[in-house]
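# Per-entry structural report
Okay, here's what each chain looks like letter by letter:
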Amino acid sequence: MSLAPSPTAAVATHRKDGSARRGGLVATTRLLPGLALSFAIAALAYGIVAASGLSFLSPLIVAIVLGIVGRLIIRPPIAAEPGLQFALRPVLRFAIVLLGLQLTIAQVISVGGRGVLIILATVIASFFFTRLAGRLLGVDRKLAELIAAGTSICGASAILATNTVTRGSDEDVAYAVACVTLFGSLSMVLFPLIAAVSGMGSDDYGLWTGAAIHEVAQVLAAALQGGEQALESGTIAKLSRVMLLAPLVLSLGCWAAWRGRARRDSSSVEAVEPARVPMPWFVLGFLAMVALNSAIALPETVSTAASASTSLLLAAAMAAMGLMTDIGKLRAKGLRPLALGAVSWVLISVTAFVLIAV
């Protein structure tokens, strides 16, 4: 018996392969309009930041604002939606993986036992208290969780990463980003004044900014006002705090999965909430990059390129988020989430200050 495929089978296989290639090309082409729009807005955000000369201004924040304004002026075409969704998922997750190349285990060790304990205590207290305060204020659980993550870890980046398991709406994400932007900006003004009045030393001031201020750019701007020593201390403390993003997202994923199973088991209605939340594998990629960066001294060019790429990809994701945000739904959420953001900001600032003073 001949084992060679028949001519008919060969033709069928050829047609199948050709169809698969054409299907892949079509799928890729469908992503281009939305991706091009997202990266164009991200590039514009970088241009605005560079032209303004304001070092504390984050391209991520500018990108989401431009996206929201762009949607108000000209609603994105339907053809752009697949690419925008791609920017919000694979592009964002790849950016979080690359973020790991900015961190090393040695940086965490250099903070010292006291610094690590202060950062851990501050992050844990602010996250759980914010969630509790959200319930007391009547803020939607998902929005409260995003505000808690953005305040306690690293602003917009943490909000985007956390939302992969929290699954809040685009308006939830935009509102949470607005909160951390507003109160992080207030920190940049108030922290140097409070440090001057209290007589706080440079190292402690830098640790305070790194442990309590939301965005990385905001930390750098505030810490620099305390001198080079404060800037170094603040940067290391903030990067150590960013490291907690991975365990936070993994823990929230496990908690969401458990909550889904509990609701399903206690309800007669099928699937009140998904019983299983997809494992955020990109977080494991983030940890792998941290391990790689800790084990191998990467060339400076690689580190610089990774840092620039991370920022650009996150800005593109924020632009896509802005373009898909309905400002009407944002207004409908009212002032309670803003009050929650204020309470959370005061808590993390005071907690870190008191722990450092003690």
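These figures come from a predicted structure and were not determined experimentally.

### So, the overall build of the protein chain
- For the protein chain, the count of helices and strands is 15 helices and 0 strands.
- Classification of the 358 residues of the protein chain by burial places 48% in the buried group.
- Of all intrachain contacts in the protein chain linking residues separated by at least 6 positions in sequence, the fraction that spans at least 24 positions is 82%.
- Carbon together with sulfur atoms contributes 69% to the accessible area of the protein chain, which is approximately 17100 Å² in total.

### Description of the packing of helix α4 (residues 105-137) against helix α15 (residues 336-357)
- As a packed pair, α4 and α15 sit with axes 9 Å apart at the nearest point and diverge in direction by 155°. Judged by the angle between their axes, α4 and α15 are roughly antiparallel. The hand of the α4/α15 crossing is right-handed. Two secondary-structure elements touch here, α4 through Arg114, Ile118, Ala121, Thr122, Ala125, Ser126, Phe129, Thr130, Ala133, Gly134 and Leu137 and α15 through Arg336, Ala339, Leu340, Val343, Ser344, Leu347, Ile348, Thr351, Ala352, Leu355 and Ile356.
- Grouping the amino acids of the contact of α4 with α15 by side-chain chemistry returns 14 nonpolar, 6 polar and 2 charged.

### What to know about the environment of Gly322
- Topologically, Gly322 is positioned in helix α13 (residues 300-323).
- Each C-alpha atom, one on Gly322 and one on Ile64, is 4.5 Å from the other, the two residues being 258 residues apart in sequence.
- Excluding its chain neighbours within four sequence positions, the residues that come into contact with Gly322 are Ile64, Gly67, Ile68 and Arg71.

### Notes on the packing of aromatic side chains
- Summed over the entire model, instances satisfying the criterion amount to 5 aromatic pairs.
- With centroids separated by 5.4 Å and ring planes inclined at 90°, the aromatic side chains of Phe127 and Phe128 adopt a geometry described as edge-to-face.
- According to the relative accessible area criterion, Phe127 is buried, its value standing at 4%.
- Seen from their ring centres, Tyr205 and Trp208 are 6.5 Å apart, and the 65° between their planes marks the pair as edge-to-face. Of this pair, Tyr205 and Trp208 both sit in helix α8 (residues 202-212), 3 residues apart, which is roughly one turn of that helix. With respect to burial, Tyr205 and Trp208 carry one shared label: buried.

### Thoughts on the environment of Ala212
- Residue placement: Ala212 occurs in helix α8.
- For Ala212, a relative accessible area of 0% translates into the label buried.
- Measuring from C-alpha to C-alpha, the distance between Ala212 and Ser349 comes to 5.2 Å, with 137 residues separating the pair along the chain.
- Apart from residues no more than four positions distant in its own chain, Ala212 is found in contact with Phe191, Arg241, Ile348, Ser349 and Ala352.

### Some remarks on the packing of helix α2 (residues 59-73) against helix α7 (residues 170-198)
- Their axes nearest at 11 Å, the elements α2 and α7 cross at an angle of 135°. In this view, α2 runs oblique relative to α7, as classed from their interaxial angle. Crossing hand, α2 versus α7: left-handed. Note on element contacts: α7 touches α2 through Ala174, Val177 and Thr181, opposite Ile61, Ile64 and Ile68.
- The residue inventory of the contact of α2 with α7, partitioned by class, reads 5 nonpolar, 1 polar and no charged.

### Side note on unusual backbone geometry
- For Arg167, which is not glycine, the phi dihedral falls at a positive 60°.
- Tracing the chain through its elements places Arg167 in the loop between α6 (156-166) and α7.

### Structural notes on a nonpolar patch on the surface
- Taken together, Leu182, Leu186, Val189, Leu190, Leu193 and Ile194 make up a surface patch of nonpolar side chains, about 490 Å² in accessible area.
- Looking at the element boundaries, Val189 is found in helix α7.
- Val189 gets classed as exposed once you look at its relative accessible area, which sits at 53%.

About the cut-offs
- Residues numbered from 1 in each chain as written.
- Predicted model: local features only at pLDDT ≥ 70, side-chain atom pairs only at ≥ 80, totals over all residues.
- Heavy atoms only, no water.
- Helix = DSSP H or I, 4+ residues; strand = E, 2+ residues; numbered from the N terminus.
- Buried < 20%, exposed > 50% of the residue type's maximum accessible area, 1.4 Å probe, protein only.
- Contact = heavy atoms within 4.5 Å.
- Areas by Shrake-Rupley, 256 points an atom, 1.4 Å probe, with all protein chains shown as cover.
- Axes fitted to C-alpha atoms, helices over the stretch in contact; angles between N-to-C directions.
- Parallel < 35°, antiparallel > 145°, perpendicular 65-115°, else oblique.
- Left-handed = near helix turned anticlockwise from the far one by under 90°.
- Nonpolar A, V, L, I, M, F, W, Y, C, P; charged D, E, K, R; others polar.
- Phe/Tyr/Trp six-rings, centres within 6.5 Å; stacked < 30°, edge-to-face > 60°.
- Patch = residues over 30% accessible without salt bridge, like charges linked within 9 Å, V, L, I, M, F, W, Y side chains within 5 Å.
- Salt bridge = Lys/Arg side-chain N within 4 Å of Asp/Glu carboxyl O.

Honestly, it's all geometry; don't read function into it.
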